[in-house]
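The chain contents come next:
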Amino acid sequence: MSIDWIISIATENWEMFLRGAWMTLLIATLGTVFGAIIGLLIGIINTIPKPERGLKRIVLKLINIILGIYVGFFRGTPMIVQAMVVFYGAAQAFGVDMDRTFAAIFIVAINTGAYMAEIVRGGIISVDKGQFEAAQAIGMNHWQTMIHVVLPQVLRNILPATGNQFVMNIKDTSVLNVIGVTELYFQTKSVSGNNFRYFESFFVACILYLIMTFVVTKILHYFEKRLDGPQNYQMIDDLEQMEGKKA
Amino acid sequence: MKNVIEIQHLSKSFGTHEVLKDIDFSVNKGEVVCVIGSSGSGKSTLLRCINLLERPSGGQIVYQGDNILDNNHNINNYRTKLGMVFQSFNLFNNLNVLTNCIVGQTKVLKRSKSDAENVAMKYLKVVGLDRYVNAKPHQLSGGQKQRVAIARALSMEPDVLLFDEPTSALDPEMVGEVLKVMKELAGTGLTMLIVTHEMEFAREVSDRVVFMDKGVIVEEGSPEQIFNHPQNERTKSFLKRTFKQ
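All of these numbers come straight from a predicted model, not from anything done at the bench. (Residues numbered from 1 in each chain as written. Chains lettered and ligands numbered in written order. Predicted model: local features only at pLDDT ≥ 70, side-chain atom pairs only at ≥ 80, totals over all residues. Heavy atoms only, no water.)

Two pairing modes exist for strands in a sheet, parallel and antiparallel, and in both the strands are linked by backbone hydrogen bonds. Residues and elements named next belong to chain B. Taken in spatial order, the 4 strands of this open sheet run β2-β1-β4-β5, and their pairing is antiparallel. The sheet is open, and its two edges are formed by β2 (17-28) and β5 (66-67), each paired on a single side. Bridge count for strand β1 (residues 3-14) against β2 is 8 bridges, and the pairing is antiparallel. By the bridge assignment for β2, Leu10 is matched with Ile23. Contacts between helix α1 (residues 43-50) and the sheet are confined to β1, β2 and β4 (58-63), with β1 contributing the most and set at about 115° to the helix. (Pairing = 2+ DSSP bridges. Helix = DSSP H or I, 4+ residues; strand = E, 2+ residues; numbered from the N terminus. Contact = heavy atoms within 4.5 Å. Axes fitted to C-alpha atoms, helices over the stretch in contact; angles between N-to-C directions.)

Printed below as a string of structure tokens:
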């Protein structure tokens, strides 16, 4: 019966499955984190106010165009193809023998970065114009405005979309088996290649993917709640009264 | 009297639409100036041009002997000398009341955290909200938000405080608390430039009233002069329309 098979496959190969799951989680997590950083930087750079004329305007325009091409390219091609191009292309063109794990994280990061750039752009647009004006009015420059006022609000706004991206990355790292990264799908393929029990082996992988995405979703929901802070605030004289009672 | 800001031949166009036409205007130290006029007369744009939220199309803004519209002038430094209070409050949504009043002081003026906190508490007391330091903006009423916004502007200890229709977005019963704070401030010798629709308030607190219409300053003078003995036909008809309601 297949339940017995599932149990026996899971118990006999638990080390391979866990190593695969760990690799999947590592690539997805680092890829999402670096991708989010790339997206945030692009978001900040794209919203730098452009002067009316002069060299600075030309440079900023040029940077915008380059970033636009980056976003367009990586959003417009499948990650599985990008993986082949980056990994084998780099080897062939420059003779670079990339570490497979590094290559995987790199590909997920630049891919996620392209998506996150758009998500961050949406997040920045959704912040009220008055917030920028108030920050400028007290003399903040673009960086200060971004760091202290806008980005904290953007981060809160884009957290659900980022979580979505993270969950997608956990699943989509499976395509990286084409460059031989020993993530969960690759490991499962090895296991099933030995026992020829495809359904049961991949059923185990299925459960592991589900656990990972479920836990990550829960953790992100917790962060959202934490960021929102407490619903109520304490008046100062209430605090003082409480302290007074203690004293 | 020593003027704080002097505006010469200021103009501003949005596309082909000329909003401000050749404005000459100055604010003296310790003076409370109210700018009145109907919607679309350019009074808010004038205020926003003064602190460069809108880039003027032409003319000069002279502050401490320098034309701040010169290309190499440090705009951010100039802006710290002008406090701005917005119609829609624009408190930093991610920060609590105290931090709203501190962040500009520590990050822009580079004051120490404890100095900044003392200054912020001093001005939050002035607006009567020192008990609310832990509240986030979304937990406050409109009137409270605007009073925090005033404290935030005061915390930068600017040379002049600009108010852009500070009570227009408020429920009627909250207008009073904000105007009361502003009256108290006017009494302390603070230099204030106020764009407002509150005629009674303008009459009471102003040293000088400026009437604008269609992008030009039509008439200016003491409140007594403007409200009781207006000279210009446009001023007369505006006041008649306003006080009929």
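Turning to the UniProt feature "domain: ABC transmembrane type-1" (unreviewed entry) in chain A, a few remarks are in order. According to UniProt, the "domain: ABC transmembrane type-1" (unreviewed entry) feature falls on residues 21-220 of chain A. A helix fraction of 82% and a strand fraction of 0% characterise residues 21-220 of chain A, whose end C-alpha atoms lie 19 Å from each other. (UniProt positions renumbered as here; feature names shortened; annotations may be inferred.)

Further remarks concern empty space enclosed by the protein. A probe as big as a water molecule, rolled over the atoms, marks out the empty space that is left. Inspection of the entire model under this criterion finds 1 cavity of 30 Å³ or more. For the largest cavity, the lining is made up of 13 residues, of which Ala137 and Ile138 of chain A together with Gly83, Met84 and Ala153 of chain B are closest to its centre. When residues of the lining of the largest cavity are traced back to their parent elements, those giving at least two are α6 (129-137) of chain A together with β6 (82-85) and α5 (142-155) of chain B. Broken down by class, the residue content of the lining of the largest cavity amounts to 9 nonpolar, 2 polar and 2 charged. (1 Å grid on protein atoms, 1.4 Å probe; cavity = no way out; pocket = protein on both sides within 12 Å on 5 of 7 lines; lining within 4 Å. Points joined across faces, edges and corners; volume = space filled by probe spheres on them. Nonpolar A, V, L, I, M, F, W, Y, C, P; charged D, E, K, R; others polar.)

Applying the stated criterion to the full structure yields 10 aromatic pairs over all chains. Taken together, the ring pairs in this structure connect Tyr70, Phe73 and Phe74 of chain A into an aromatic cluster. Over the ring of Phe92 of chain B we find Arg152 of chain B, and its NZ or CZ is 4.6 Å from the ring centre. (Phe/Tyr/Trp six-rings, centres within 6.5 Å; stacked < 30°, edge-to-face > 60°. Lys NZ or Arg CZ within 6 Å of the ring centre and 35° of its normal.)

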